[in-house]
Amino acid sequence: MDLFDYMKEVNEKEDAPLASRLRPDSLDSIVGQEHILGKDKFLYRAIKADKLSSIIFFGPPGCGKTTIAKIIANTTKSNFKQINATTAGKKEMEEAISEAKISFSMYKKKTILFIDEIHRFNKSQQDYLLPFVEDGTVILIGATTENPFFEVNKALISRSRLLELKPLSYQDIENILDRAIKDKERGMGRYEVEISKEAVEFISKSTDGDARSALNALELAILTTDISEDGKIHIDTNIVSECIQKKIVKYDKDGTNHYDTISAFIKSMRGSDPDAVMYYLAKMLYAGEDIKFIARRIIICAAEDVGLADPNALSIATNAFLAIERVGMPEARIILAEAANYIACAPKSNTSYLAINEALRFVEENRDFEVPKHIRNANFTGEKDIGIGLGYKYAHDYENHYVKQQYLPDEIKDKVFFNLTDMGFEKSIKDYFNKIKKDR
């Protein structure tokens, strides 16, 4: 490399965006993805040992797919070739495969072929890669923001290990921002920056786990803010909101607005107002609330406020929780909206809620009563001689699989905890009980 090439490379590094300059250059400097990059996890071990097989990374933008690929490039003894599927055609692939064949046949050196945005390749382009992945000519590392089961050749998937990269947590983003502000060599440390805790939190919540977007926002905020009289650049939430182009919502996860909003959300579902439910759900999502927290509140409302009036509500709420874990944002908003709307529109009953609370209060305030002998567990020799298990009536032996029988202890045999209403499906349960009891 001559002096001009060297200076060109230096200038390009200095002029590169903050997100590019601050890209981790070693495994131990990566933030997040501990589920695959923890020191005892598969990918960490494979990279350290330089024993990679074909891999397809999938996950949202800015979570580290390209970063991990570049670290592999820096650590592997194999040749490393990168192609971006948005711009590359068949010619580039043929050249990469040809180089890989020569490298292996002449030097016994493998080639790792990294294809960014692999979902952009059409079927024929993906099919072209298949035999070379299968015979080991190249070790494929694909990266995609899409679901690989829908967008990547099934044959390629079957010959690769799928690794999901998750959105970075709020804390991960805050750690990256802190590193960027302090790093004098590659980050913004050469500037005297004071950024408020609220501004850091606003960036972390507004960028949906995307480190690139967070760093871009930070860089723009610093470079477009004048130096104050004290010689420092002061960054607050108003400045970063302009840089992200997202307005500030009064919503502090540890403060009054947080509790007021979630309270309004729950009460709107209970009160059967889906429009209000959508407003408060949107407000929470916009402010970066944890989607699992929202889903848990929907589950609780389904059990507490809908209950047996529509037993399907709890199943829908629970399945919504499982679905958002698998899908993540931004699509999780649709799943949460469907579940919350179902709860809002469902008939309401708090029968189960009242029943368990009354039973718990009763148990707490009264002495323990003995279980009637006829419904005790009679497993040991001689127990029936003292009446244990004697006289028990097996419900399935009777008409309608019901028989009148005492289950509560003698002292409280007429105690009632559970009172069915005429709401929704609960009325059907009530009518059923009334019928079978009347028949007996």
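For the structure, see preceding data.
Read on for an overview of the structure. Note on numbering: residues in each chain are counted from 1, in written sequence order. It should be noted that, the model being predicted, local features are given only for residues of pLDDT at least 70 and side-chain atom pairs only at 80 or more, the latter also being counted only at that level, while totals for whole chains, interfaces and linings use all residues. Side-chain metrics rest on all non-hydrogen atoms present in the structure, leaving aside hydrogens and water.

### Structural notes on the overall build of the protein
Under the DSSP-based scheme used, a helix requires at least four consecutive residues in state H or I and a strand at least two consecutive residues in state E, with every element numbered from the N terminus. Looking only at helices and strands, one finds 20 helices and seven strands in the protein. Radius of gyration here is computed from C-alpha atoms only, and the compact-globule reference equals 2.2 Å multiplied by the residue count raised to the power 0.38. On C-alpha atoms alone, the protein measures out to a radius of gyration of 31 Å, which is more than a quarter above the 22 Å that the 2.2 N^0.38 rule sets for 440 residues. Projected onto the principal axes, the alpha-carbon positions of the protein cover approximately 100 × 65 × 40 Å. A total of 440 residues make up the protein; the buried ones form 42% of that total. Expressed as a percentage of contacts within the protein between residues at least 6 apart in sequence, the contacts between residues at least 24 apart total 71%. Areas reported as accessible are Shrake-Rupley estimates using a 1.4 Å probe. Residue values count occlusion only from the protein chains shown. Taken as a whole, the protein presents about 25300 Å² of accessible surface, with 51% of it coming from carbon and sulfur. The buried label applies to any residue whose accessible area, calculated with a 1.4 Å probe on protein chains only, is under 20% of its type's maximum; exposed applies above 50%, and partly exposed to all values in between. Between two residues, a contact is recorded if the distance between any of their heavy atoms is within 4.5 Å.

### So, the environment of Glu-164
Position of Glu-164 among the secondary structure elements: in strand S5 (residues 161–164). Put simply, Glu-164 and His-35 are 129 residues apart on the chain and 9.3 Å apart in space, counted from C-alpha to C-alpha. Setting aside residues no more than four positions away along its own chain, Glu-164 makes contact with His-35, Phe-58 and Arg-326.

### A closer look at the packing of helix H6 (residues 90–107) against helix H7 (residues 123–134)
One can describe the packing of H6 onto H7 by two numbers: an axis separation of 11 Å at closest approach and a directional angle of 5°. In terms of orientation, H6 lies roughly parallel with respect to H7. Contacts between H6 and H7 involve Lys-90, Met-93, Glu-94, Ile-97 and Lys-101 from the first element and Gln-125, Tyr-128, Leu-129 and Phe-132 from the second. Any residue outside Ala, Val, Leu, Ile, Met, Phe, Trp, Tyr, Cys, Pro, Asp, Glu, Lys and Arg is labelled polar, Gly included; the first ten of those are nonpolar and the last four are charged. Across the contact of H6 with H7, the residue classes tally to five nonpolar, one polar and three charged. Only the stretch in contact is used when a helix axis is fitted, and all axes are lines through C-alpha atoms; the angle between N-to-C directions ranges over 0 to 180 degrees. Convention used here: angles under 35 degrees read as roughly parallel, angles over 145 as roughly antiparallel, angles from 65 to 115 as roughly perpendicular, and any remaining angle as oblique.

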